[in-house]
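Working through the structure, step by step
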Amino acid sequence: MSSSWGDVDNDGDLDLFVANANYFAPQYNQLFKNNGDGTFTEVTIGALVTDNSCSYGSNFGDYDNDGDLDLVVSNGYCTGEILNFLYQNDGLGNFTRDLEALADYTTPCSYGAAWGDVNNDGFLDLGIATCKNTSTSPLPVNLFYLNKTNCNNWLKIKLTGTIANRSAIGARVWVTATIGGETVTQMQEISAQSGYCGQNSLTAHFGLGDAGNVTEVRVRFGCGEDTTLTNIAPNQLLEITEGSLPSATQSVENEPFTVTLAPNPTSDTFRVSVEMKQPSEQLQLRLMDSTGRVVFEKKVDTNGSRNWSEDFSTKITGLVKGRYFVEVRVGEESKTEIVIIF
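Residues numbered from 1 in each chain as written. Predicted model: local features only at pLDDT ≥ 70, side-chain atom pairs only at ≥ 80, totals over all residues. Heavy atoms only, no water.

**Structural notes on the overall build of the protein chain**
Scanning the protein chain from terminus to terminus reveals 3 helices and 27 strands. Relative to its length of 342 residues, the protein chain is compact, with a C-alpha radius of gyration of 22 Å against a globular reference of 20 Å. Of all 342 residues assigned to the protein chain, the portion counted as buried reaches 49%. Within the protein chain, contacts between residues at least 6 apart in sequence are counted, and of these 53% link residues at least 24 apart. (Helix = DSSP H or I, 4+ residues; strand = E, 2+ residues; numbered from the N terminus. Rg over C-alpha atoms; globule rule 2.2 N^0.38 Å. Buried < 20%, exposed > 50% of the residue type's maximum accessible area, 1.4 Å probe, protein only. Contact = heavy atoms within 4.5 Å.)

Right, dumping it as C-alpha cells:
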C-alpha cells in the first residue's frame with residue numbers, strides 16, 4: 001500500500017520501507033536496506049517487520065531530533081482493535097515501537113500520515129487522516145499530534161530551485177555534525193510524495209541531538225554545482241536558492257560577524273559570543289520572546305575589539321522556559337539566533 005524512502009542508517013543512501021495490507025487481513029511490513037551498490041538486503045528481524053496489521057500510510061521523520069529518521073505507520077481497514085505504529089530509530093536503522101510518545105495509538109481506521117513543523121518550534125508534528133473502517137462505520141475525525149519537544153537541537157532547510165523545479169523536488173541535502181561525540185552525516189531527498197496518501201513538508205528537517213554546531217551543509221539541486229555552507233549555528237531555518245550563491249562557503253566566511261550561543265538549550269546560563277571581521281566600538285544585543293516582545297536589551301562597548309562574549313543568567317534576565325530570539329546588531333548589520341530555555 002505504501003512505500004517510503006529514507007536513509008535510516010545514515011550511510012548516505014536511501015533505504016526503502018514498504019507498508020502492506022491484505023484487505024481486512026493483517027500482513028507483515030518490509031524494510032529493505034540499501035547496500036550502496038544497487039542491491040538491497042531485506043530486514044527479517046525486529047518489530048518493524050514482525051508487527052502484524054493492515055498498514056496503509058507511512059512516513060519517515062526525526063520526531064525526537066536525535067539525528068536519525070523515525071517512522072510512523074498508519075493502519076486501517078482491519079478487523080479487531082486497530083493501532084497505529086510509531087517506531088523509534090536507534091541510529092543504525094533498528095526500530096522499536098514507541099508506546100509512550102502518543103497519548104493514544106488506537107484508531108477507528110487510519111489512512112495517510114505526514115510530518116511537518118506546523119508551529120515552527122523546530123520539532124515535527126504529526127497528522128493522520130482517518131477513514132471509515134466499513135461502509136456503515138461513522139466518519140471519524142482526523143488525528144493531529146503536536147510535538148511536546150525536548151532539549152535536542154535541529155536545523156531546517158528550505159530549498160528553492162531556479163534551473164531545477166521551483167520546489168526543488170529531487171534535490172538532496174547532506175548535514176554533518178558531531179552528535180553524541182560521533183561525526184554524523186545525514187542525507188535527505190526532497191520528494192513529491194513521501195508515503196501513500198501522505199506528503200511530508202518540503203522543508204528538510206534534521207535533528208541534531210546535542211550538536212552545538214553544524215560542520216557542513218551541502219545541497220545538490222541536480223543542475224549545476226553543489227552549494228556548500230560551513231559552520232552553521234543550529235536551531236534555525238536556512239533558505240537556499242539554487243544558483244544565488246556563487247560560492248556559498250565563501251559567502252558564510254565573508255559575513256561581517258558571527259554569533260554563537262552555548263550551551264543551547266540551557267536551563268541556567270548561556271554565553272553569547274560575537275566574532276567580527278572588522279573591529280567595532282559598539283554592538284547592541286536584544287532578547288525577544290516568541291511573540292517578538294523585547295524582554296532584555298543591552299548596548300556593549302567593545303573598545304575596538306573584534307571579539308566579545310558574555311554570560312547571561314536566566315534568573316537575572318528573567319527568562320522562563322521557552323524559545324527566545326537573540327538579536328545582535330553591529331553597525332548596520334544584524335543577526336538573529338534562537339536560544340532554548342528549559
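**Observations regarding unusual backbone geometry**
Cis geometry marks the peptide bond from A262 to P263; its omega dihedral reads -10 degrees. Within the secondary structure, P263 is located in the loop between β21 (257-262) and β22 (269-276). Omega for the bond connecting N264 with P265 falls within 30 degrees of zero, at 10 degrees, which places this linkage in the cis form. With respect to the secondary-structure elements, P265 resides in the loop between β21 and β22. The phi dihedral of N65 is positive, around 55 degrees, even though this residue is not glycine. Residue placement: N65 occurs in the loop between β7 (55-61) and β8 (70-75). In this structure, N303 is a non-glycine residue whose phi angle is positive, near 55 degrees. As for its placement among the helices and strands, N303 is situated in the loop between β24 (294-301) and β25 (307-313).

Shape is all these values report; function is a separate question.
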